[in-house]
Amino acid sequence: MTFLTYFRNQYLSWSQNTPLPANLDNVSPKFQSWHQFDPSDEKWTSVHVTNTHIDSTRRETEGQNGSALVSNYRIEIRIANLTPTIDILFFQEVSRQALQYLLADPYIRQFWYSSEADDANWQGQPFASMTLLSRRRFDHGNGPSATAAKLGPLWRLKYSSRFGRDALGLVAGDFNPVLPEDDTLVADNHLVDAWLELRENESGFTWGVDGQEPFPPARLDKVALLGLRPHSMDLMHPEKIKLRLQEPEEGPVHGNDLVVSDEPRKKQEDGQAVPWSDDSGLKCSFALVCD
């Protein structure tokens, strides 16, 4: 870590009243706001949060690869019918079009906080990450519930990456391990692999499970924890939606339609049912170690 980065992180920790990890080598956090939808103004607005620790009740989280999530695939039904109730939704590789649909969805507007209000954090990249927190479980300090977990500070970490990747929220999603050293990435960083902790003797494949890929199935998607204890974990294989090969001239696409306008996919047939992601989602419940 350079001295400049060290002092900058010390200042950020002090000014934001937020303890920061000590091993942020050559990386400084970029703090941002949580947002909630304001129906009176018809827009997502930032909310003020206080630095307070979360309670030790159990949390349910679902991770999804959002690279193919470009339609309003009955999101409210998909999320609302999950059992047990989901408290945290972490989306990885969200396109701008996917972000547009998520932020416009009535169910998400009513019941969820969002880390994003627009695509400012995409910064010229085709994809970025976003997190949703349930307003039933969390509040931002002014809510009526004395038992709800409080929203705390939120920041991104920008890493040296060919694709301009950054980290936000949970250490979860598609790890895309391609090198031998990637297999021990979680353990080398003193994190707990939730799947190995709970279901070590099961394959847990999250990619290539349909046999349509040129490579063998693999467990590319993981949930890595620090200071948390996993209680349960399940795979959520992607459902199918209808493919539309032409971008509509105006207006959003609703229902179960997926719009694909890039040339390499023109060989696919209009109306064909395809999975809305090539990775399976992960649903994991966890609690603080002291719980």
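Refer to the structure above for everything that follows.
Residues numbered from 1 in each chain as written. Predicted model: local features only at pLDDT ≥ 70, side-chain atom pairs only at ≥ 80, totals over all residues. Heavy atoms only, no water.

Trainee: Explanation requested: the overall build of the protein chain in the structure shown.
Mentor: Secondary structure assignment for the protein chain yields 6 helices and 19 strands. The buried share among the 291 residues of the protein chain stands at 41%. Across the protein chain, every contact between residues at least 6 apart in sequence was considered, and the portion connecting residues at least 24 apart equals 71%. If you sum the accessible surface of the protein chain, you get close to 16100 Å²; carbon and sulfur atoms cover 52% of it. (Helix = DSSP H or I, 4+ residues; strand = E, 2+ residues; numbered from the N terminus. Buried < 20%, exposed > 50% of the residue type's maximum accessible area, 1.4 Å probe, protein only. Contact = heavy atoms within 4.5 Å. Areas by Shrake-Rupley, 256 points an atom, 1.4 Å probe, with all protein chains shown as cover.)

Trainee: How do you make sense of the environment of P21 when you look at a structure like this?
Mentor: Note on placement: P21 falls in the loop between α1 (3–15) and β1 (29–32). Residues P21 and N9 lie 12 residues apart in sequence; the distance between their C-alpha atoms is 9.4 Å.

Trainee: What should I look at first to understand the sheet that holds strand β14 (residues 221–225) in this one?
Mentor: Sheets are built from strands that pair by backbone hydrogen bonding, the pairs being arranged parallel or antiparallel. Read across the sheet, 3 strands follow the order β12-β14-β13 without closing on themselves; strand pairing throughout is antiparallel. Of all the strands in the sheet, the pair left with one neighbour each is β12 (171–174) and β13 (192–193). Relative to β14, β12 runs antiparallel, the two being bridged by 4 bridges. Its bridge partner being in β14, A172 is matched across the sheet by V223. (Pairing = 2+ DSSP bridges.)

Trainee: Could you clarify how one ought to interpret the pairing of strand β3 (residues 43–47) in this entry?
Mentor: Bridge analysis of strand β2 (residues 34–38) against β3 gives 5 bridges, and the strand direction is antiparallel. In the sheet register, W34 faces β3, and the bridge partner there is V47.

Trainee: Any chance you could explain the pattern of salt bridges here in plain terms?
Mentor: All told, the structure shown has 8 salt bridges when counted by the stated rule. Residue R156 pairs with E116 through a salt bridge whose shortest N-O separation is 2.7 Å. Linking R156 in strand β10 (residues 154–158) with E116 in the loop between β6 (112–114) and β7 (127–134), this pair joins segments that are 40 residues apart in sequence. The same class applies to R156 and to E116, which are both buried. A salt bridge links R199 to D234, with the nearest nitrogen and oxygen atoms 3.3 Å apart. Linking R199 in helix α6 (residues 194–199) with D234 in strand β15 (residues 228–236), this pair joins segments that are 35 residues apart in sequence. By relative accessible area, which is 23% here, R199 ends up partly exposed. (Salt bridge = Lys/Arg side-chain N within 4 Å of Asp/Glu carboxyl O.)

Trainee: Would you explain the packing of aromatic side chains in this entry?
Mentor: How two aromatic rings sit relative to each other is given by the distance of their centres and the angle of their planes. Applying the stated criterion to the full structure yields 5 aromatic pairs. Look at Y11 and W14: their rings are 5.8 Å apart centre to centre, the planes differ by 45°, and that puts the pair in the tilted class. One end of the pair, Y11, and the other, W14, are both in helix α1, 3 residues apart, so they sit about a helical turn from each other. Residue W14 is classed as exposed on the basis of its relative accessible area of 66%. Ring geometry for F31 and W155: centres 5.3 Å apart, planes at 50°, overall tilted. Remark: W155 occurs in strand β10 and F31 occurs in strand β1; sequence separation between them is 124 residues. Above the plane of the ring of Y113 lies R135, whose end atom (NZ or CZ) is 5.6 Å from the centre. Above the ring of F175, the side-chain terminus of K222 is found at 5.9 Å from the ring centroid. (Phe/Tyr/Trp six-rings, centres within 6.5 Å; stacked < 30°, edge-to-face > 60°. Lys NZ or Arg CZ within 6 Å of the ring centre and 35° of its normal.)

Trainee: Is there a simple way to explain the nonpolar core in this structure?
Mentor: When a protein is soluble and globular, its nonpolar side chains tend to lie buried together. In terms of nonpolar packing, the biggest core is built from 21 residues, with W34, L133, F138, L151, V223 and M233 touching the most fellow members. With 3 residues, the single largest contributor to this core is strand β19 (residues 281–288). Among the nonpolar cores identified, the runner-up in size contains 17 residues, and A98, L103, I108 and M130 belong to it. (Core = buried A, V, L, I, M, F, W, Y, C linked by side-chain atoms within 4.5 Å.)

Trainee: Looking at this structure, I do not really get the side chain of H140. What am I missing?
Mentor: Structurally, H140 is set in the loop between β8 (138–139) and β9 (149–150). H140 gets classed as buried once you look at its relative accessible area, which sits at 15%. Side chain to side chain, H140 and Y113 meet in a polar contact 3.0 Å long. Apart from the residues lying within four places of it in its own chain, the contact partners of H140 are Q36, V47, H48, V49, Y113 and L151. (Polar contact = N/O pair within 3.5 Å; in protein donor to acceptor, adjacent residues only side chain to side chain.)

Trainee: Honestly, α1 in this entry has me stumped. Any pointers?
Mentor: Each α-helix turn comprises 3.6 residues. Residues three or four places apart therefore point the same way. Compared with the 18 Å implied by 1.5 Å per residue over 13 residues, the 18 Å span of α1 between its first and last C-alpha is a close match. Inspection of α1 places T5, N9 and L12 among the buried residues, and these make up the whole buried set. Considered in projection along α1, the buried side chains sweep an arc of 60° and stay on one side of the axis. Turned more than 90 degrees away from the buried face of α1 sit F3, L4, F7, Y11 and W14, all of them exposed. (Expected span 1.5 Å × (residues − 1). Arc of directions from axis to C-beta.)

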